Amino acid sequence: MANPEPEERSLIERVARGDKAAFEVLVKAYEPRLLAFMARVTGQRDVAQEIAQDAFVKAYFKIGTFGFRCSFYTWLCEIAINKFLDWRKQRRRWFRKHALTDFTEPHAPPDGSQSPSERAASRETGRIVRDAIARLSPDHQRVLLLREFQGASYEEIAAAMRCSVGTVESRLFRARQRLKEILKPWMEKNEL
Amino acid sequence: MNCKTIQRWISLAVDGALPAKENEVLQEHIAGCAACQAEWEGQQKLRSVLHAIPAPEIEASVLPALRARLNEREARLVWMEDIERFARRFVPAAAVLLLVLSGLAVHSAVKRFRAASEIHLLVLAEAQPELVLTDDPLAEMAAEENSTELSPERLTPEN
């Protein structure tokens, strides 16, 4: 069971009673981190914002099920990852239905520190790695994203996903083995 | 220590989740095993690749759009609750009323059908009494007596 700060616990309890002002305090506290997390996961600014919004909306209406089993932020990230997996499934279905290939490239705006060719290489790396992650099973993606992109501990991940720490260890191990296998062609050529 | 266990320990060690004692055993094994050494380097490389993925900076807040969505969703929930309250209050009464009305309609239809059947039978009885079936055997015999058709028994040489 997670032990939130008394102030945060009080805010969450108020949100459960329908206090929107309390919810806005939580949003302001976690929005930057959640947006950064989703930006890394999706690689697309507008998609990251949309998914973050969806995650906050769901968190507001489902706050009664939170139960303080993990930190509020980890719970929020888990909701966001599930929203992201749904979004990607729908997107694939749409492209398949219209017999199109998804050529959209996730891209970050130039920050002046990289040359155009460096930026292109960086974007390509991001695309390759995200596509590889997308080939893992949903549970493997969840543990990997929570661990690698959000830095959650094994205990936090186990609480958020309602499984044991041993299961988290096992899933992470398998996810990394599988990911290494998928990325092997690029890693061997030092293209990543 | 077998390589299969070591490779699982490598995954824990990368996360800093391997206890110190096991970590010593791991490092000793890696020093003497090329395959596990390669696995260790592969996991380190994978971690640095994952952490180096570029991500766009997002400065705009989602709060304004979030407020609008929450308000819209709450308005929809209130509307749905109103419908539900209305249904809970009036649907049972409406169902009873519907049953009563249906019963009355059926009763009325049956009455009309019976009345129509009786009229039809009366008309038929006047026109062709022999065709009218009754449950009364005496009435049947009387109908037969009144019938003008000669029965075979009546056809005697004297007639």
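Report follows, based on the coordinates. (Residues numbered from 1 in each chain as written. Chains lettered and ligands numbered in written order. Predicted model: local features only at pLDDT ≥ 70, side-chain atom pairs only at ≥ 80, totals over all residues. Heavy atoms only, no water.)

1. Details of the pattern of salt bridges
All names here are of chain B. Considering all chains together, one arrives at 19 salt bridges over all chains under this definition. In this structure, the salt-bridge partner of Arg-47 is Asp-15, at a minimum N-O distance of 2.7 Å. Here Arg-47, found in helix 3 (residues 34–51), pairs with Asp-15, found in the loop between helix 1 (3–14) and helix 2 (20–32); they are 32 residues apart in sequence, far enough to count as distant. Overall, the relative accessible area of 17% leaves Arg-47 in the buried class. (Salt bridge = Lys/Arg side-chain N within 4 Å of Asp/Glu carboxyl O. Helix = DSSP H or I, 4+ residues; strand = E, 2+ residues; numbered from the N terminus. Buried < 20%, exposed > 50% of the residue type's maximum accessible area, 1.4 Å probe, protein only.)

2. Remarks on the interface of chain A and chain B
Reports of interface size often rely on the accessible area that becomes lost once the parts have come together. Taken residue by residue, the interface counts 47 residues in chain A and 35 residues in chain B. For the chain A and chain B pair, buried surface summed over both sides reaches about 3,900 Å², with 62% attributable to carbon and sulfur atoms. Broken down residue by residue, the surface that chain A buries against chain B is led by Gln-53, Phe-61 and Phe-173 of chain A, which jointly contribute 15%. Joining chain A to chain B, the criterion identifies 7 salt bridges. Between Glu-74 of chain B and Lys-20 of chain A there is a salt bridge; the shortest N-O distance is 2.8 Å. Scanning the region where chain A abuts chain B turns up 22 residue pairs in polar contact (both at pLDDT 80 or more). For the side of chain A that touches chain B, the secondary structure elements donating two or more residues are helix 2 (20–42), helix 3 (45–61), helix 5 (116–134), helix 6 (138–149) and helix 8 (165–188) of chain A. For the side of chain A that touches chain B, the element with the most residues is helix 8 of chain A, which contributes 11 residues. When its residues are assigned to classes, the side of chain A that touches chain B shows 21 nonpolar, 10 polar and 16 charged. (Contact = heavy atoms within 4.5 Å. Buried area = accessible area lost by both parts, 1.4 Å probe. Polar contact = N/O pair within 3.5 Å; in protein donor to acceptor, adjacent residues only side chain to side chain. Nonpolar A, V, L, I, M, F, W, Y, C, P; charged D, E, K, R; others polar.)

3. With respect to the side chain of Glu-31 of chain A
Locating Glu-31 of chain A in the fold gives a position in helix 2. Despite its burial, Glu-31 of chain A pairs with no opposite charge; the closest candidate is Lys-28 of chain A, at 8.6 Å N-O. Only 2.9 Å separates the side chain of Glu-31 of chain A from the side chain of Ser-61 of chain B, close enough to count as a polar contact. With residues up to four places along the chain from it excluded, the contact list for Glu-31 of chain A reads Phe-56 of chain A together with Ala-60, Ser-61, Val-62 and Leu-63 of chain B. (Lys, Arg positive; Asp, Glu negative; His and termini not counted.)

All quantities given are derived from atomic positions and should not be read as evidence of function.
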